[in-house]
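Coordinates in review
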Amino acid sequence: MVDSLINSLKKTIIAQDELIESLIASLFVDGHILVEGVPGVAKTTAVKNLALMLDFKFSRIQFTPDLLPSDIIGGEIYSMQKDEFYIKKGVIFSDLILADEINRAPAKVQSALLEAMQERQVSIGDKSYDLKEPFLVMATMNPVEDEGVYNLPQAQLDRFMMKIIVSPPSNYEEEIKILDIFEKNITLSKFPKNEYFKIKRQIEKIKVTNETKEYIAKLIIAFRNDKRIELPPSPRASIALYKLSKFVAFTNSRHYTMPSDVLKFIKPVLRHRIVLDFEVEDEVDEVIEKIVKTIR
């Protein structure tokens, strides 16, 4: 089912393989992803189509400077007819959520979403409400504009399992494929919802070998000891690589992980978790590649 999901989504989304694979991996291992890219590169279409294919409830939140936390999580509403308060749940109570341009909302709104992502529950009034699985947030950021935005603090970025950077198609053939899809209006494949939960449980049972755990530890410690890095990855990075190695092993029809499984999503997991020293000329992804090559 996982391969079928990926391949079906690639038929409707062109030249965004990393986004598609990371989105589906996050869904199966209880992660959230942050996507940075200019408008019009199918960020919204990817998560919306995934929800349609699995018959999951989808909600889109357009972040704006005047957005309030209650617009996301909900709140207590007074009923004049009944002379009492009742709970109105917000859009956070969905399966797949698109937090569009998350950096356009102030910190208190960002925190409301990020807390729900981390705790998998929200408090409204004096009651707490669990967010049922599946629960995935895909937040987007527009890198073009600087005015009217509130950048996420580094500690908040760490709550996303992966960060994906998307760009427009780079060649003629891919652009033609996009036009063909628009012209044909391709029908999405449908997958049984109960099959998702079945596979998710199978992935959870994958054995993470000692060799894999040792490799993850060596990687993370290497990043923490590298002088080019001012802010190294937190233990959340280790946990993310641990979970994702299970997903990669499952897609390779194995019931155990291998150290090589860790490398599939190494850049998306680390690129938003490390801050380079200001004197370093290399890009973050380049530094990741260089450090990974030193680990045996």
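What you see is a predicted model, and the numbers here were worked out from it, not measured in a lab. (Residues numbered from 1 in each chain as written. Predicted model: local features only at pLDDT ≥ 70, side-chain atom pairs only at ≥ 80, totals over all residues. Heavy atoms only, no water.)

Some points on the pairing of strand S6 (residues 121-124)
- In S6, alternate side chains face the same way, and those of Val122 and Ile124 are buried while those of Gln121 and Ser123 on the opposite face are not.
- Bridge analysis of S6 against strand S7 (residues 127-130) gives four bridges, and the strand direction is antiparallel. Its bridge partner lying in S7, Ile124 is registered against Lys127.
- Between S6 and S7, which pair antiparallel one after the other, the connecting turn spans two residues, and Gly125 there sits at a positive phi close to 65 degrees. (Buried < 20%, exposed > 50% of the residue type's maximum accessible area, 1.4 Å probe, protein only. Helix = DSSP H or I, 4+ residues; strand = E, 2+ residues; numbered from the N terminus. Pairing = 2+ DSSP bridges.)

Section: the environment of Pro69
- Looking at the element boundaries, Pro69 is found in helix H4 (residues 69-73).
- Accessibility expressed as a relative area gives 23% for Pro69, which makes it partly exposed.
- On a C-alpha basis, the gap between Pro69 and Thr140 in space is 18 Å, while along the polypeptide they are 71 residues apart.
- Apart from residues no more than four positions distant in its own chain, Pro69 is found in contact with Gly74, Lys108, Val109 and Ala112. (Contact = heavy atoms within 4.5 Å.)

Some words on the side chain of Thr257
- Within the secondary structure layout, Thr257 lies in the loop between helix H10 (235-251) and helix H11 (266-270).
- On the basis of relative accessible area, Thr257 is assigned to the buried category, the value being 2%.
- Of the polar contacts made by the side chain of Thr257, one reaches the backbone nitrogen of Thr209; its length is 3.2 Å.
- Thr257 has contacts with Ile206, Lys207, Val208, Thr209, Thr212, Ser245, Lys246 and Ala249, leaving out every residue within four places of it along the chain. (Polar contact = N/O pair within 3.5 Å; in protein donor to acceptor, adjacent residues only side chain to side chain.)

Structural notes on the nonpolar core
- Within the largest apolar cluster, 61 residues are counted, with the highest numbers of intra-cluster contacts made by Ile24, Phe28, Leu50, Met138, Met162, Phe247 and Val269.
- Among residues more than four places away in sequence, those in contact with Phe247 are Val2, Ile24, Ala25, Phe28, Val29, Ile203 and Phe265.
- Listed in part, the 28 residues of the second largest apolar core include Ile73, Ile97, Met117 and Leu131. (Core = buried A, V, L, I, M, F, W, Y, C linked by side-chain atoms within 4.5 Å.)

Side note on the packing of helix H1 (residues 2-12) against helix H2 (residues 17-28)
- Taken N-terminus to C-terminus, the directions of H1 and H2 make an angle of 145 degrees; their axes are 10 Å apart at the nearest point. Crossing handedness for the pair H1 and H2: right-handed. Where H1 abuts H2, its residues Val2, Leu5, Ile6, Leu9 and Lys10 lie against Asp17, Ile20, Glu21, Ile24 and Phe28.
- Considering only residue class, the contact of H1 with H2 consists of seven nonpolar, no polar and three charged. (Axes fitted to C-alpha atoms, helices over the stretch in contact; angles between N-to-C directions. Left-handed = near helix turned anticlockwise from the far one by under 90°. Nonpolar A, V, L, I, M, F, W, Y, C, P; charged D, E, K, R; others polar.)

Focus on unusual backbone geometry
- With omega at 0 degrees, the peptide bond leading from Glu133 into Pro134 counts as cis.
- Along the chain, the position of Pro134 falls in the loop between S7 and strand S8 (136-141).
- Within the chain, Ala42 stands out as a residue other than glycine whose phi angle is a positive 75 degrees.
- Structurally, the position occupied by Ala42 is in the loop between strand S1 (33-36) and helix H3 (43-54).
- Judged by its relative accessible area of 25%, Ala42 falls in the partly exposed class.
- One non-glycine residue, Ser253, lies in positive phi territory at about 60 degrees.
- Looking at the element boundaries, Ser253 is found in the loop between H10 and H11.
- The exposure class of Ser253 is exposed, given its relative accessible area of 72%.

What about the packing of aromatic side chains?
- Enumeration according to the criterion identifies six aromatic pairs in this entry.
- When the centroid spacing of 6.4 Å and the interplanar angle of 55 degrees are considered together, the rings of Phe247 and Phe265 count as tilted. Of the two residues, Phe247 is situated in helix H10 and Phe265 in the loop between H10 and H11; the sequence distance between them amounts to 18 residues. Considered together, Phe247 and Phe265 belong to a single accessibility category, that of buried residues.
- Through pairs of rings, three or more aromatic residues link up here, namely Phe28, Phe56, Tyr196, Phe197, Phe247 and Phe265.
- When the ring centre of Tyr256 is taken as reference, the NZ or CZ atom of Arg254 above it lies at 5.7 Å. (Phe/Tyr/Trp six-rings, centres within 6.5 Å; stacked < 30°, edge-to-face > 60°. Lys NZ or Arg CZ within 6 Å of the ring centre and 35° of its normal.)

Let's talk about the sheet that holds S8
- Taken together, the five strands give an open sheet; going across it, the order is S2-S5-S8-S1-S9, and neighbouring strands pair in parallel fashion. Here the strands that pair on one side only, and so sit at the sheet edges, are strand S2 (58-62) and strand S9 (162-165). With direction set aside, neighbouring strand axes in the sheet form an average angle of 20 degrees.
- Note that strand S5 (residues 96-100) and S8 share four bridges and pair parallel. In the sheet register, Ile97 faces S8, and the bridge partner there is Val137.

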